[in-house]
Amino acid sequence: MTDQQHKKLSKFLSLILRHDPQAIGLTLDAQGWADVDEFIAKAGAHGRLYSRTLIAAIVRDNDKQRFKLSDDGRRIRANQGHSIDIDLALQPLEPPPTLYHGTATHFAASIRKTGLDKRSRQHVHLSLDRDTAVKVGSRHGAPLVLHVRAAEMHACGFAFYRADNGVWLTDAVAPEFIDWPAQG
Ligand code: HQG
């Protein structure tokens, strides 16, 4: 299999587990888990051929560690990024003082007004480091990195979670907790 085919199957897995399991008639449980064998059968019926070995390789090699297999290897879920309504059942955690949010300059005016909201996803996504935030923001246009005063928010009672791939999640960030770069 070429790298490109591998990437395509990884993206399709992401689509199914995060956004549209119904596209192949799959149902996820309340925490977002799918049965691996059922996924393989249903994806196969839709012309996408996976094996258990391939799925293990996709999970292992994924650049952002987007997926997780259960300990017994029989179930799989996406670590974060869902638009469908599932409960990752993550434990709230105390965040570091600052977390970074990568966005694009053309969203700036709106974010200044209302803060960050989750848009089509289940959470606002925050990065531990600036470089990652730059990459996330570049997906939308000219990147803009916002500093979120996470520990201060936490002290005010807002919950934070860390997905299994290290992405930090929260429900929303009000404008008063956002520090802007000098030319933002
Ligand atoms: C913006 C990727 C205007 C927000 C990444 C972002 C991440 C607002 C966009 C994960 C706004 C939503 C998530 C407001 C937020 N007004 N714009 N009030 N509030 N926005 O893709 O954070 O590759 O849903 O700044 O690495 O970019 O898919 O979220 O620019 O971890 O695995 O609305 O997705 O991972 O965009 O990315 P997204 P995101 P994957």
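So, here's what we can say about the structure. Residue positions within a chain follow its written sequence, with the count starting from 1. Local features are withheld for residues below a pLDDT of 70 in this predicted model, meaning they are given only at 70 or higher, and side-chain atom pairs are given and counted only at 80 or more; totals for whole chains, interfaces and linings count all residues. Computation of side-chain values covers all heavy atoms of the structure but excludes hydrogens and water.

## Description of the side chain of R18
Worth spelling out the cut-off: Each helix corresponds to a stretch of at least 4 residues labelled H or I by DSSP, and each strand to a stretch of at least 2 residues labelled E; elements are numbered beginning at the N terminus. Exposed residues in this analysis have more than 50% of their type's maximum accessible area, buried residues have under 20%, and partly exposed residues fall in between, with area computed by a 1.4 Å probe over protein chains only. As used throughout, the charge tally considers Lys and Arg to be positive and Asp and Glu to be negative, leaving His and the chain termini uncounted. Here a salt bridge means any side-chain nitrogen of Lys or Arg lying within 4 Å of a carboxyl oxygen belonging to Asp or Glu. Polar contacts, as used here, are pairs of N or O atoms within 3.5 Å; protein pairs need one atom able to donate a hydrogen and one able to accept it. Residues neighboring in sequence count only if both atoms are side-chain atoms. Contact definition: two residues touch when any of their heavy atoms are within 4.5 Å.
Counting through the fold element by element, R18 comes out in helix α1 (residues 3-19). No salt bridge forms around the buried R18; measuring N to O, its nearest opposite-charge neighbour D63 is 8.6 Å away. A distance of 2.9 Å separates a polar atom in the side chain of R18 from the backbone oxygen of Q80. With near-sequence residues (within four places) excluded, R18 lies in contact with R66, A78, Q80, G81, H82, S83, I84 and R121.

## Considering the sheet that holds strand β6 (residues 143-149)
Which entries qualify depends on this criterion: For two strands to be treated as a pair, DSSP must find no fewer than two bridges joining them. Interaxial angles span 0 to 180 degrees and are taken between N-to-C directions of axes, which are lines fitted to C-alpha atoms, for helices over the stretch in contact.
The three strands lie next to each other as β4-β6-β9, forming an open sheet whose pairing is antiparallel. Because the sheet does not close on itself, it has two edges, and the strands there are β4 (98-104) and β9 (178-179). For β4 and β6, the ladder comprises seven bridges, and the chain directions are antiparallel. Of the residues in β6, the one forming a bridge with T98 is R149. Across the sheet, helix α5 (residues 130-138) touches β4 and β6, and the angle it forms with β4 is around 25 degrees.

## Looking at the environment of L88
With respect to the helices and strands, the residue L88 is situated in the loop between β3 (75-78) and β4. Along the chain, L88 and M153 lie 65 residues apart, while their C-alpha atoms are 21 Å from each other. Once residues within four sequence positions are removed from consideration, L88 is found in contact with Q31, R77, A78, N79, Q80, H82 and L169.

## Things to note about the packing of aromatic side chains
In plain terms, the rule: Within 6.5 Å between ring centres, the rings of Phe, Tyr and Trp (the latter by its six-membered ring) count as paired, and their orientation is classed by plane angle as stacked under 30 degrees, edge-to-face over 60, tilted in between.
The final tally for this structure, using the stated rule, is two aromatic pairs. Judged by centre distance (4.9 Å) and plane angle (65 degrees), the ring pair of F39 and Y50 falls under edge-to-face. Highlighted residues: F39 in helix α2 (residues 36-45) and Y50 in the loop between α2 and α3 (52-61), separated in sequence by 11 residues. With a relative accessible area of 8%, Y50 lands in the buried category. Judged by centre distance (5.8 Å) and plane angle (70 degrees), the rings of F158 and F177 are edge-to-face. You can see F158 sitting in the loop between α6 (150-155) and β7 (161-162) and its partner F177 sitting in the loop between β8 (168-170) and β9, a full 19 residues away along the chain. A relative accessible area of 38% means that F158 is categorised as partly exposed.

Everything listed here is a matter of geometry and, on its own, says nothing about what the molecule does.
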